[in-house]
Amino acid sequence: MLQTSWYKDAVFYQIWPRSFCDGNGDGIGDLWGVLERLDYIASLGVTGIWFSPLYPSPQADFGYDITNYYDINPEYGTLDLFRQVLNGAHERGLRVIMDLVVNHTSDECAWFQESRLSRDNTYADWYIWRDGKTPGAPEAGGTPPNNWDSLFEGGAWEYEPARDQWYLHIFAKKQPDLNMDNPQVRSEVKKIMRFFFFFCVDGFREDVITYISKTPELPDDSPLKPAARGMRYYDHGPRVHEYLREFRNGALSHYDCMTVGEAPMITPQKALEYCAEGPNQELNMVFTFEHMGADCFFTEWIPRPFDLRIYKQALSRWQTGLAKGAWNSLYLENHDHPRIISRYGSEEYRVESGKSLAASYLFLRGTPFVYQGQEIGMTNTRLESVEESADVSTLNQYRRYRYLHIPKGTLMRLVNRATRDHARTPMQWNANQGAGFVGGSGNAEPWFPINPNYTSINVEAAEADPDSLLAFYRKAIALRRKLDVVRNGNYREFKHHSSVLYAYARESERQRLLVVCSFAGKLAYYSASDDYDLRKGELVLANYADAPLQGNAFFLRPYECRVYLWKD
Ligand code: NOJ
C-alpha cells in the first residue's frame, strides 16, 4: 500500500465523547450527538477527528479501561452508528483516528476475567502475573513482587487469591497491564487495528505506547525515589521498538494511515528512535509533554506557575530537534490537562489570550490538534470538595497526599489547579439550560456539572460574534492550511529571553511568516530584526482591530498577537 503523508497537512479536532454532545437525552455525550455536530466540526476547517475511547468500558478511567475492543460503548451508540459517523465524517473530508489503548485493559475485560481464574487457562499469560516476594495474601503478610508505584493508585500490584499471585497495573487497579511479551497479545493488537481499518478508520492515537514493554525481571527500583518507582523499567522498555515495528509491518503499513503515540517522558533525541522517517519508522509522530510544564501525569500536581520561557524553550527544542527527519504533533489541550486559558493565559483577557495562545502553536511545524471547547475558550471549573471530582487520578492523588497530612485547604488548591475534570466538563453549545449539551428535552442531569459560565461562553454566542475566539480559530486554521511555509518552512525564534513575548518565524524560499504573541496583561514592545520589515509585510492575522507600527517595531496590548506574511 502506498503510504502518503496526508497527516502533515491535517488539523485534528479531539472529541472526548462523554462530554461532547448528548444526542439521546440521557445526559451523557454520545455518537448521536457527534453526528448532529459533524457540520460544526467541519466548519472549523479541521480535516480530522481523534476520538478518545468509544469502546465498552466500566468507565473507571472514562474509556481508557476497555472491556471489548471490537464494539462501541452502548451509552455512546452501536457499531452501526459509528459507521454512520465515520461515513458522515469522510463525506465532509474529515479523517478519523481512534484511540488504541493496549498497554492495559479493564479488569472487567473477558481476557482478564479468565486470566485471573488460574495459572493455566487460555488467557493465563495475557497479563503480567508474578509471585509475591513473600508468599501469601497481603493480610497474611504476603508482599508484592517489587516496590513499583502505580501512576494513579498506590502500589503497582494487586493480589489475586485464585492464582495466589499479583498482577501489575501501572495505572489504576482496574487497569491491569497486558503482557506484550506474549505473541498472542501482539497478534490481538494487530487484529484490533485491522478490525478498525476494515471500518475505514484512518489511524490511531496510541495510548502510553512507550510503556508497553517491561524489563522482564521487573527489578525493585530505588527505595529513595519519591514517586513513580519502576518507571525506568517500563518507559521505553527493552522491546518497545521491536513491538512497534511488528505492529507496523503486520498491520499499519498495509494502510494509508497515520499514528501518533503518546509518549509521556521523552526527549527529541528519543522521539527520533520512534518517528524518524525511513524504512524503520514506527510512529508518524508522538505526543510529548514538555511544553505542558509536566513530564508525566502526576507531576502536574507540583505547583509551578506558568513560565513563558520554559514554554518557548520546550517548543523550540522540539521544533529544531525534529526538523531533520521527523514530524511534530502540536497541542495545547486534551482530556488530561486543565484548560489552557486558565493555565497559560488569562481568564481576565480570555478571548485575547486564547487567540495569542492559538497563534503561538498553530503555525509551528507539525500536525495541530484542537481539543473540544478550546476553540470557544472554555475555562477551568471549580470544585468545592474532592467528592465532586470524577477523575480517578485526582481522587487517588488526593488520598495519597492526605495520607501525608497535607491540609485539606492546600490540597483543594492543588486539585483545582491540576485536576483533569477541568477538561471534561460538558461542551457548552448555547446558553439554554443544559448548555445545548443535553439532548432530547434538555432536562436530563448532565453526567458531570456544566461550568456555570456556559451562559456567556458557548458556541452560539461565539458564532454571533465576528471577533470571537471561534472566528479566530477558523481564520488561523484556514491560513495555516493555505500557506506552504507552515508545512515546509524552517523555524526561527526571536527574543528568546523575553518573559512576555513569543516571536517566531517560519521561513522558506518564497514565503516568510512572522508570529508575535504577547503573554502579558500589560504593554510589551517588539522590535523586528532588519530582515523582517514590518512595513512591507502583510498583516494576515491579529487579535486587535488595528495594528499601529512605530517604525519597524510596535507596542503589543494585553495578549496581543500579530501574524505577518512576506512573499519574497
Ligand atoms: C493516557 C490517557 O490520555 C489518560 O487519559 C489515561 O488515564 C492514561 N493514558 C491511562 O490510559
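Computed from a predicted structure; not experimentally measured.

Participant: Any chance you could explain the overall build of the protein chain here in plain terms?
Facilitator: Each helix and strand counted, the protein chain has 15 helices and 18 strands in total. Against the 2.2 N^0.38 benchmark of 24 Å for 568 residues, the protein chain shows a C-alpha radius of gyration of 24 Å, consistent with a compact globule. For the protein chain, the spread of C-alpha atoms along the principal axes amounts to about 80 × 55 × 50 Å. Within the protein chain, the fraction of its 568 residues that count as buried is 61%. For the protein chain, contacts bridging at least 24 residues in sequence account for 71% of all contacts bridging at least 6. Total accessible area on the protein chain is roughly 21,400 Å²; 51% of this is exposed by carbon and sulfur atoms. In the protein chain, 62 positive and 73 negative side-chain charges are present, and the distance between their average locations comes to 6 Å.

Participant: What is the right way to read the nonpolar core from this model?
Facilitator: Soluble globular proteins tend to bury their nonpolar side chains together. Counting residues in each nonpolar core, the largest one holds 137 residues, and the members touching the most others are Tyr-13, Tyr-40, Ile-41, Phe-82 and Phe-363. Not counting residues within four places of it along the chain, the set of residues in contact with Phe-82 comprises Leu-31, Leu-54, Ile-72, Met-98, Phe-196, Phe-199 and Val-201. One finds Trp-166, Ala-172, Leu-218 and Ala-228 within the second-largest nonpolar core, a separate group that totals 20 residues.

Participant: Could you clarify how one ought to interpret the domain arrangement of the protein chain in this entry?
Facilitator: Often, the extent of an interface is quoted as the loss of accessible area upon association of its parts. Domain boundaries assigned for the protein chain yield domain 1 (6–102 + 183–469), domain 2 (104–179) and domain 3 (488–567). Measuring from the centre of the C-alpha atoms in domain 1 to the corresponding centre in domain 2 gives 27 Å. Each partner contributes to the interface: domain 1 provides 40 residues, whereas domain 2 provides 29 residues. Contact between domain 1 and domain 2 buries roughly 2,800 Å² in total, counting both sides, with carbon and sulfur atoms accounting for 61%. Sorting the residues of domain 1 by area buried against domain 2 places Val-185, Leu-218 and Arg-229 first, and these three jointly supply 21% of that buried surface. The interface formed by domain 1 and domain 2 contains three salt bridges. A salt bridge links Lys-133 to Asp-220, with the nearest nitrogen and oxygen atoms 2.3 Å apart. Here domain 1 and domain 2 share 17 residue pairs in polar contact (both at pLDDT 80 or more) between them. Counting only elements with at least two residues in the side of domain 1 that touches domain 2, the list comes to helix H5 (183–198) and helix H11 (392–403). For the side of domain 1 that touches domain 2, the residue count by class is 24 nonpolar, seven polar and nine charged.

The rules behind these values
- Residues numbered from 1 in each chain as written.
- Predicted model: local features only at pLDDT ≥ 70, side-chain atom pairs only at ≥ 80, totals over all residues.
- Heavy atoms only, no water.
- Helix = DSSP H or I, 4+ residues; strand = E, 2+ residues; numbered from the N terminus.
- Rg over C-alpha atoms; globule rule 2.2 N^0.38 Å.
- Buried < 20%, exposed > 50% of the residue type's maximum accessible area, 1.4 Å probe, protein only.
- Contact = heavy atoms within 4.5 Å.
- Areas by Shrake-Rupley, 256 points an atom, 1.4 Å probe, with all protein chains shown as cover.
- Lys, Arg positive; Asp, Glu negative; His and termini not counted.
- Charge placed at Lys NZ, Arg CZ, Asp CG, Glu CD.
- Core = buried A, V, L, I, M, F, W, Y, C linked by side-chain atoms within 4.5 Å.
- Domains from an automatic or database assignment.
- Buried area = accessible area lost by both parts, 1.4 Å probe.
- Salt bridge = Lys/Arg side-chain N within 4 Å of Asp/Glu carboxyl O.
- Polar contact = N/O pair within 3.5 Å; in protein donor to acceptor, adjacent residues only side chain to side chain.
- Nonpolar A, V, L, I, M, F, W, Y, C, P; charged D, E, K, R; others polar.

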